[in-house]
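Remarks on the overall topology
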Amino acid sequence: EAGVVQSPRYKIIEKKQPVAFWCNPISGHNTLYWYRQNLGQGPELLIRYENEEAVDDSQLPKDRFSAERLKGVDSTLKIQPAELGDSAVYLCASSLDASGTQYFGPGTRLLVL
Amino acid sequence: GESVGLHLPTLSVQEGDNSIINCAYSNSASDYFIWYKQESGKGPQFIIDIRSNMDKRQGQRVTVLLNKTVKHLSLQIAATQPGDSAVYFCAEKTSGSRLTFGEGTQLTVNP
C-alpha cells in the first residue's frame with residue numbers, strides 16, 4: 001500500500017514569491033494534517049482536515065498561508081508571499097480518523113532566499 | 001501550556017547495545033503517546049504507541065514504558081543496529097486535541 005505522497009520534495013524560491021505544496025494521503029484516510037518542522041525541532045501542526053472540512057486551523061498564519069482539500073482527498077498548502085522565516089520542512093500526514101495513528105509523508109523542504 | 005520534551009539531545013551507543021531514550025511530558029490529561037523515528041531527509045515514521053491505561057507495550061525490538069506518576073515516557077531499543085540511527089521524537093495527545101511533539105533525540109549507533 002502506498003504511503004503519503006508529497007510533491008515537490010524540494011523547493012527554492014526568493015522571498016515574496018508564492019509557493020504551493022501538494023499531498024496525497026493514504027487511501028481511505030479521512031483525516032489529513034499539514035505540519036511545519038523547523039530545523040532541529042519537532043513538527044508543529046498547521047491545519048487538520050476531516051474530509052474536506054478544516055477543523056483545526058488555529059496555528060495557520062492566515063495572512064499568507066492557505067490550504068484546501070477539495071473532494072476530501074488530495075490537499076494543497078500555499079504560501080503567498082513567502083518570507084525568509086518560512087524556510088522549513090512542510091510535512092503532510094494522514095490517519096483513518098482523528099483518533100487514529102498519523103502516518104507522515106517525506107515532506108517538502110522549502111528554502112526561501 | 002502543553003509541552004513534551006526534557007531529554008538528552010544526543011545519544012551515542014555501540015552496535016548491539018540496548019538504547020534508552022527518555023521523554024517527559026507536562027500535561028497530566030494526555031492519554032495517548034507515540035514514538036516516531038525520523039531519518040535524515042525523511043518524514044517521521046511511526047514506531048510504537050501506548051495509551052494511558054497501560055504502563056508497558058512491546059514491539060519488535062522496541063519497548064515503550066509509561067510512568068504516569070512522574071509523567072515520564074521511555075523508548076527502549078534492544079540490540080541497537082546502525083539502521084536505528086535517527087532522531088527519535090515522543091509525541092503526546094489528549095482526546096480531541098492535536099498531537100504535540102517533543103524536540104527529539106539524535107541516536108547515533110557506532111559500529
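Please refer to the structure higher up on the page.
Residues numbered from 1 in each chain as written. Chains lettered and ligands numbered in written order. Predicted model: local features only at pLDDT ≥ 70, side-chain atom pairs only at ≥ 80, totals over all residues. Heavy atoms only, no water.

**Notes on the pairing of strand S3 (residues 19-24) of chain A**
Residues and elements named next belong to chain A. The two faces of S3 differ: Val 19, Phe 21 and Cys 23 on one face are buried, but Ala 20, Trp 22 and Asn 24 on the other face are not. Strand direction decides the pairing type here: S3 and strand S8 (residues 75-79), joined by 5 bridges, are antiparallel. Paired with Cys 23 across the two strands is Ser 75, which belongs to S8. (Buried < 20%, exposed > 50% of the residue type's maximum accessible area, 1.4 Å probe, protein only. Helix = DSSP H or I, 4+ residues; strand = E, 2+ residues; numbered from the N terminus. Pairing = 2+ DSSP bridges.)

**Overview of the sheet that holds S8(A)**
Residue and element names in this part refer to chain A. On the basis of which strands lie adjacent, the open sheet formed by 4 strands has the order S1-S3-S8-S7 and antiparallel pairing. Since the sheet does not close on itself, it has two edges, and those belong to strand S1 (5-7) and strand S7 (65-68), each with one partner. Put simply, the sheet's adjacent strands are angled 15° from each other on average, direction ignored. Pairing of S1 with S3, which is carried by 3 bridges, proceeds in the antiparallel orientation. Directly across from Gln 6, in S3, lies its bridge partner Cys 23. (Axes fitted to C-alpha atoms, helices over the stretch in contact; angles between N-to-C directions.)

**Topic: the packing of aromatic side chains**
Within this structure, the stated rule accounts for 12 aromatic pairs over all chains. Aromatic pair A:Tyr35 and A:Phe104: ring centres 5.2 Å apart, planes at 45°, arrangement tilted. A residue pair is termed long-range when its members are at least 10 positions apart, and A:Tyr35 in strand S4 (residues 31-37) and A:Phe104 in strand S10 (residues 103-104) qualify at 69 residues. A:Phe104 sits in the buried class, given a relative accessible area of 11%. Taking the centre distance of 5.5 Å and the plane angle of 40° together, the rings of B:Tyr36 and B:Phe101 count as tilted. A residue pair is termed long-range when its members are at least 10 positions apart, and B:Tyr36 in strand S4 (residues 32-38) and B:Phe101 in strand S10 (residues 100-101) qualify at 65 residues. Assigned by exposure class, B:Tyr36 and B:Phe101 land together as buried. Feature note: the residues A:Tyr33, A:Tyr35, A:Tyr103, A:Phe104, B:Tyr36, B:Phe46, B:Phe89 and B:Phe101 constitute an aromatic cluster, connected by ring pairs. The aromatic ring of B:Tyr32 is capped on one face by B:Arg51, whose charged end is 4.2 Å from the ring centroid. (Phe/Tyr/Trp six-rings, centres within 6.5 Å; stacked < 30°, edge-to-face > 60°. Lys NZ or Arg CZ within 6 Å of the ring centre and 35° of its normal.)

**Some points on the pattern of salt bridges**
One pass over the structure, following the stated rule, counts 9 salt bridges over all chains. A:Arg48 is the partner of A:Glu50 in a salt bridge, and the nearest nitrogen-oxygen pair spans 2.6 Å. Take A:Glu50 and A:Arg48: they sit in the same class, and that class is buried. We note a salt bridge from B:Arg98 to A:Asp56, for which the minimum N-O separation is 2.9 Å. A residue pair is termed interchain when its members come from two chains, as with B:Arg98 in the loop between strand S9 (86-93) and S10 and A:Asp56 in strand S6 (residues 53-56). B:Arg98 sits in the partly exposed class, given a relative accessible area of 26%. The buried category is assigned to A:Asp56, whose relative accessible area is 13%. A single network of salt bridges, built from pairs that share partners, joins A:Arg36, A:Arg64, A:Glu83 and A:Asp86. (Salt bridge = Lys/Arg side-chain N within 4 Å of Asp/Glu carboxyl O.)

**Some thoughts on the interface of chain A and chain B**
Contact with chain A, which involves 22 residues of that partner, is made by 18 residues of chain B. Overall, the association of chain A and chain B removes approximately 1400 Å² of surface from exposure, summing both partners, and the carbon and sulfur fraction of that is 47%. Here chain A and chain B share 1 salt bridge between them. Viewed at the interface, chain B and chain A are joined by 7 residue pairs in polar contact (both at pLDDT 80 or more). Of all elements in the fold, only S4, strand S5 (44-50) and S10 of chain A reach the threshold of two or more residues within the side of chain A that touches chain B. Taken together, the residues of the side of chain A that touches chain B break down into 8 nonpolar, 10 polar and 4 charged. (Contact = heavy atoms within 4.5 Å. Buried area = accessible area lost by both parts, 1.4 Å probe. Polar contact = N/O pair within 3.5 Å; in protein donor to acceptor, adjacent residues only side chain to side chain. Nonpolar A, V, L, I, M, F, W, Y, C, P; charged D, E, K, R; others polar.)

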